Amino acid sequence: DTAVSQTPKYLVTQMGNDKSIKCEQNLGHDTMYWYKQDSKKFLKIMFSYNNKELIINETVPNRFSPKSPDKAHLNLHINSLELGDSAVYFCASSQGTGKETQYFGPGTRLLVL
Amino acid sequence: KQEVTQIPAALSVPEGENLVLNCSFTDSAIYNLQWFRQDPGKGLTSLLLIQSSQREQTSGRLNASLDKSSGRSTLYIAASQPGDSATYLCAVLEYGNKLVFGAGTILRVKS
């Protein structure tokens, strides 16, 4: 059973396009996250939601918009894709308000051409 | 601003060796410290979580220590195996519930 799943696994697209990445967790967790891992392998948090409410919003361009239709899903929509958006995007979830172990999805590898 | 540094950046050891990975952080105002493992092309797997009030945690051949006052943690791997080859990431959970990661240590265990 996949605990945290992401789709798609790979995404290749042209500059200027709009794309979405979906994340689902079946762990019953209350908090979900989006992270970006750049080419230098640094992982940085982008957003965090607790029970569908935004609680962390790092300095991310407003072209990135997270949406949480329910507490098991956190999707990431990216408008007007740029070359610098190429990275691996990881979704994660944790119990409670975020002080517990985080469980990560397999990642979505985004390449903007 | 919290900064997490991991040393060494890469490590290659023969099978069976005991090894230590180091992590340091600049701001001791943390809830906990976590060690993760990342395999190539895969997501992260949590290995150990040490609460700020704890000194160490153990799981199998892994032992992690935390010295919050000096801003240091170590991950000790006993009797290393080729299957331990991966990138090991250290992360601290700041007040505000934000996880800040180091750049990782790439470990290769040779058979």
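Everything that follows concerns the structure shown earlier in this document.
Counting restarts for each chain, with residues numbered from 1 along the sequence as it is written. Working convention: letters from A go to chains and numbers from 1 go to ligands, in the order in which they are written. Only residues with pLDDT of 70 or above have their local features reported here, since the model is predicted, and side-chain atom pairs are shown and tallied only from 80 upward, although totals for entire chains, interfaces and linings are computed over all residues. No hydrogens and no water enter the side-chain calculation; it runs on all heavy atoms of the structure.

Engineer: Explanation requested: the overall build of chain A in the structure shown.
Structural biologist: Put simply, DSSP H or I for four residues or longer makes a helix, DSSP E for two residues or longer makes a strand, and each gets a number counted from the N terminus. Helix and strand content of chain A: zero helices and eleven strands. Listing the helices and strands of chain A from first to last along the sequence gives β-β-β-β-β-β-β-β-β-β-β. What the globule rule says is 2.2 Å times the number of residues to the power 0.38, and the radius of gyration is computed from C-alpha atoms. For 113 residues, the compact-globule estimate of 2.2 N^0.38 gives 13 Å, and chain A sits close to it at 13 Å. Taken across its 113 residues, chain A has 45% of its residues classed as buried. Relative to all contacts within chain A whose residues are 6 or more apart in sequence, the contacts with residues 24 or more apart total 55%. When the accessible surface of chain A is summed, it comes to about 5,600 Å², and 51% of that surface belongs to carbon and sulfur atoms. Distance from the positive charge centre (13 side chains) to the negative charge centre (11 side chains) of chain A: 6 Å. Three labels apply to residues, based on accessible area from a 1.4 Å probe with only protein chains included: buried if under 20% of the type maximum, exposed if over 50%, partly exposed otherwise in between. Should any heavy atoms of two residues lie within 4.5 Å, those residues are counted as being in contact. Computed with a 1.4 Å probe, the accessible areas rest on the Shrake-Rupley method; for each residue, only the protein chains presented here act as cover. Think of it this way: Lys and Arg go in the positive column, Asp and Glu in the negative one, and His and the chain ends go nowhere. Each charge is placed at NZ for Lys, CZ for Arg, CG for Asp and CD for Glu.

Engineer: Quick question: what am I supposed to make of the sheet that holds strand β1 (residues 4-7) of chain B here?
Structural biologist: Working definition: the strands of a sheet are paired by backbone hydrogen bonds and lie parallel or antiparallel to each other. Residue and element names in this part refer to chain B. At least two DSSP bridges between two strands are needed for those strands to be called paired. On the basis of which strands lie adjacent, the open sheet formed by five strands has the order β1-β3-β8-β7-β6 and antiparallel pairing. Every other strand in the sheet has two partners, leaving β1 and β6 (56-59) as the edge strands with one partner each. Taking each pair of neighbouring strands and ignoring which way they run, the sheet shows an average axis angle of 15°. Where strand β7 (residues 62-67) meets strand β8 (residues 72-77), six bridges bridge the pair, whose relative direction is antiparallel. By the bridge assignment, Leu66 is partnered in β8 with Ser73. The axes used here are C-alpha line fits, helices contributing only the stretch in contact, and every angle between their N-to-C directions lies in the interval 0 to 180 degrees.

Engineer: Just checking my understanding: could you explain the state of the cysteines for this structure?
Structural biologist: Joining two cysteines, a disulfide is a covalent bond between their sulfur atoms. Residues and elements named next belong to chain A. Disulfide: a pair of cysteine sulfur atoms within 2.5 Å of each other. All chains considered together, the criterion is met by two disulfides over all chains. Each sulfur in the disulfide pair Cys23 and Cys91 lies 1.8 Å from the other. Residues Cys23 and Cys91 share a disulfide whose torsion about the S-S bond is about -75°; that sign makes it left-handed. Within this pair, whereas Cys23 is found in strand β3 (residues 19-25), its partner Cys91 is found in strand β9 (residues 87-94), the two being separated by 68 residues in sequence.

Engineer: What exactly am I supposed to notice about the interface of chain A and chain B here?
Structural biologist: Frequently, the measure chosen for interface size is the accessible area that the parts lose on association. Taken residue by residue, the interface counts 18 residues in chain A and 20 residues in chain B. A simple way to read buried area is as the amount of 1.4 Å-probe accessible surface that goes missing from two parts once joined, with both sides added. Across the chain A/chain B interface, buried area totals approximately 1,600 Å², and carbon plus sulfur atoms make up 55% of it. Salt bridge, as applied in this entry: a Lys or Arg side-chain nitrogen positioned within 4 Å of an Asp or Glu carboxyl oxygen. Between chain A and chain B we count one salt bridge in total. In this structure, Glu58 of chain A and Lys98 of chain B form a salt bridge, with 3.2 Å as the shortest nitrogen-oxygen distance. Here a polar contact means two N or O atoms within 3.5 Å. Within protein one must be a hydrogen donor candidate and the other an acceptor candidate, and residues neighboring in sequence count only if both atoms are side-chain atoms. Joining chain A to chain B, the criterion identifies three residue pairs in polar contact (both at pLDDT 80 or more). At the level of elements, β4 (31-37) and β5 (43-50) of chain A are the ones that each hand at least two residues to the side of chain A that touches chain B. The classification used treats Ala, Val, Leu, Ile, Met, Phe, Trp, Tyr, Cys and Pro as nonpolar, Asp, Glu, Lys and Arg as charged, and all other residues, Gly among them, as polar. In terms of residue class, the side of chain A that touches chain B is made up of eight nonpolar, six polar and four charged.

Engineer: Could you clarify how one ought to interpret the sheet that holds strand β8 (residues 73-78) of chain A in this entry?
Structural biologist: All names here are of chain A. With antiparallel pairing, four strands are arranged side by side in an open sheet as β1-β3-β8-β7. At either margin of the open sheet sits one strand with a lone partner, and together these are β1 (4-7) and β7 (64-70). Each strand axis lies, on average, 20° off the axis of its neighbour in the sheet, ignoring direction. The sheet contact formed by β3 and β8 spans four bridges and is antiparallel. Its bridge partner lying in β8, Glu24 is registered against His73.

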